[in-house]
Structures are given as structure tokens and as C-alpha cells.
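Here is what each chain is made of, one letter per residue.
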Amino acid sequence: MTGSKKVDVSVVIPVYNEEESLPALFERLFPVMEGLGKNWEVVFINDGSKDRSLGLLLECVEKYPGKVKVVDFNGNFGQHMAIIAGFSASRGEVIVTMDADLQNPPEEIPRLLEQIEKGHDVVGTIRKFRQDPIFRKIASKIVNFITNKITGLNLHDYGCMLRAYHRRIVDLINECPESTTFIPALAQKFAVNPVEIEVKHSERVQGKSKYSLFRLIRLNFDLITSFSMAPLQAVTMLGIIVAGLSLLFSIFLLIRRLVVGPEAEGLFTLMTINFFLLGITMFCIGITGEYIGRIHQEIRRRPRFIINKVYGDE
Ligand code: UDP
Ligand code: MG
């Protein structure tokens, strides 16, 4: 394929220490791509893997000349930044994202493309019978619910990365310079005619999830702060409510003092109330800090990711 030839479908896959999964991925993905009867390309992003992932990806570049590109990052910048870099490197009219660990079956790609052909610009997915630890499934349900309420977006499964986007959407995403983001939510913002379909989901057979509990929490903070100011407004409302209640309580104490006399007991009640208010204050400072930290990150204007080299790009 030459640089001038039109690409119909690009598949973008972030890879972080996936040496165990990659051989099986290649074995299943490439026959699906060949079977599409379209011009295709696959863009892998090596997100700072420390194992043999890069070597395996480069073998693929050799094997499918002009069809496989590898964007090699100079460190670990996270799944969403990897996808952003993959978007910039891809040329397809339709862009599909998926994970490298085969939790998203490549065999579902034609179904996503069908939806784009029907005129949808974003094809979201819902994992049918999701095969993940129970704690993650419950946490996701809560996160999906809260995020929908807070952001006003309406997605049923934020976490499933097997998704398809029309070129127009990816071009819009490429114009966004933000340094923390969440791709499915961003795409949903720009979508005119989105659709969600159910897709199969498998257990991770090889390797481990790259998300620790702490990283998952950070990711969800990114999601909420990038798409909503509702937490800040909630802090203000909470402040107003607490101040109002305190005022009522002071009036009550004043009247009590005039009627019954001064109050001396109740040290522990006072302490409990104080600790409670201290907790609320720290929580509110924390929320404000989440936003300030992100402003700080934006104004430093450091590169969002650093590319070592792009392989397979003519
Ligand atoms: N990933 C990445 N950079 C990271 C973490 C993950 O590129 O910092 C990739 C990973 O290799 C995989 C995809 O993102 O292709 C999803 O990661 P994982 O399967 O660990 O997430 P989970 O399925 O547990 O949500
Ligand atoms: Mg996974």
C-alpha cells in the first residue's frame, strides 16, 4: 500500500507489556482484517513496554509491509494517550479501537463496521456477559451511573474499548490538546448519530490487568473532571447547606442560653461535629485540588507523550 492509497479501516491497539497475548492476537486479528475485503491498516502503540512486545510488533511490520505501523513511546503514558497517538498516525475512513489482551474479540470488528455503514458516526459497545472480577463489574456499574448523571452523557459501558469511529470524529479528537482525557466520552461529545451495540467479552487469558486499584481510581477522576464541573458546584452547594445548618444551630443555642442558661456539657458531641466538618472540608479541598492539579498540568504544556520512533510509516 502506498502513501496515496486510501485506507478504509484502521485498527488502533495500545500495547503495554502484552508479550503473552500478542501472538494469539495476531493469529486472530489479521485473518479478520484480510476477510473484510477492504484496504486496512493496524496501528499499534507500544506504551513503554518493558518485555518483548516491541520485538513482536516489529516482526509484524516486516510481515505485513505497508499495513502495520508501530508507534513506539518513550515511556508509559497510559492507554488513552496511546490511543490519541494512534489516532494521529492512522489514515482510515473508519477507525476501530481495541485492547491487545483479546478481551475484545477481533471477530466483532465487522459488526462494528456494519453500524458505521448504516450511517452512525460513533459505535459504542456494551460488554455482554463481562468476564472480569466481580469487584470491577460492581465498581463499573456505580461509575457508569454516576458519570452519566454528572456528565450528562449517556453511555452504558464507559470501559469497553472495542469501538468504531468515523474519520470526522477522530479528526475532532485530534484537535483536542487536553493532557488528560477519556476517549469514549470525548467521542460521545462529538457524535451526531451514535449507537451502542452488545459485543462479546472474554476473560484475560494471558498476563495481568495493567490497572491497579489506584490507577483505576485516577482514571475515573480523569473521566469525571474532564467532562464535568458538577463536583465543584456540589462543593459550593454543600458549603451553603452546612453554613445554613450552622446558623440555625447557633440561633437555637442562643435562645436556649436565654431560656435555660449557659451550656457546659457536650464536649464529645462538639468533637464529633468538628471531625465531621473537618472531613467535609478536606473532601472539598480535595475535589478543588483535583481540578487545580489538572489546570497546573495543562499550563505546563509538557508534551502529552513522547514518540521514540514510528515503524512501518512510508
Ligand atoms: N494499556 C496501555 N497502557 C497502559 C495500560 C494499559 O497501553 O498504561 C493497554 C493494554 O496493553 C491493553 C489495554 O490498554 O491493550 C487495556 O488494558 P488492560 O487489559 O490491562 O485493562 P482492563 O481490561 O483490565 O481494563
Ligand atoms: Mg483487559
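Residues numbered from 1 in each chain as written. Chains lettered and ligands numbered in written order. Predicted model: local features only at pLDDT ≥ 70, side-chain atom pairs only at ≥ 80, totals over all residues. Heavy atoms only, no water.

Draft legend 1. Region of interest: unusual backbone geometry. In this structure, Leu 102 takes a positive phi of about 65 degrees despite not being glycine. The topology assignment puts Leu 102 in the loop between strand S4 (94-97) and helix H4 (109-117). Residue Phe 129 is not a glycine yet carries a positive backbone phi of 45 degrees. Checked against the element boundaries, Phe 129 lands in the loop between strand S5 (122-127) and helix H5 (134-151). (Helix = DSSP H or I, 4+ residues; strand = E, 2+ residues; numbered from the N terminus.)

Draft legend 2. Expanded view of helix H2 (residues 53-63). Three or more residues of H2 are buried, namely Ser 53, Leu 56, Leu 57, Cys 60 and Val 61. Buried residues of H2 fall within an arc of 150 degrees about the axis and therefore sit on the same side. When the buried face of H2 is taken as reference, the exposed residues oriented beyond 90 degrees from it are Glu 59 and Glu 62. Against strand S1 (9-15), helix H1 (22-35), strand S2 (40-46), strand S3 (68-73) and strand S8 (307-311) lie the buried residues of H2. (Buried < 20%, exposed > 50% of the residue type's maximum accessible area, 1.4 Å probe, protein only. Arc of directions from axis to C-beta. Contact = heavy atoms within 4.5 Å.)

Draft legend 3. Here's a closer look at the coordination of the magnesium ion (ligand 2). Of the protein atoms, only Asp 101 (OD) and Gln 103 (OE1) coordinate the magnesium ion (ligand 2), at distances of 1.9 Å. Comparing Asp 101 with Gln 103, the two get one shared label, buried. (Donors = N, O, S within 2.8 Å, 3.2 Å for Na, K, Ca; no water.)

Draft legend 4. Spotlight on the pairing of S2. Counting buried positions over the 7 residues of S2 gives 7, a clear majority of the element. In the sheet, S1 pairs with S2 via 7 bridges, with the strands oriented parallel. Residue pairing across strands places Ile 13 opposite Phe 44, the latter belonging to S2. Assessed by its sense of winding, the connection that carries the chain from S1 through H1 to S2 is right-handed. The sheet contact formed by S2 and S3 spans 5 bridges and is parallel. Following the sheet pairing, Asn 46 is matched in S3 by Asp 72. For the segment spanning S2, H2 and S3, crossover handedness is right-handed. (Pairing = 2+ DSSP bridges. Right-handed = clockwise from strand over helix to strand, strands pointing away.)

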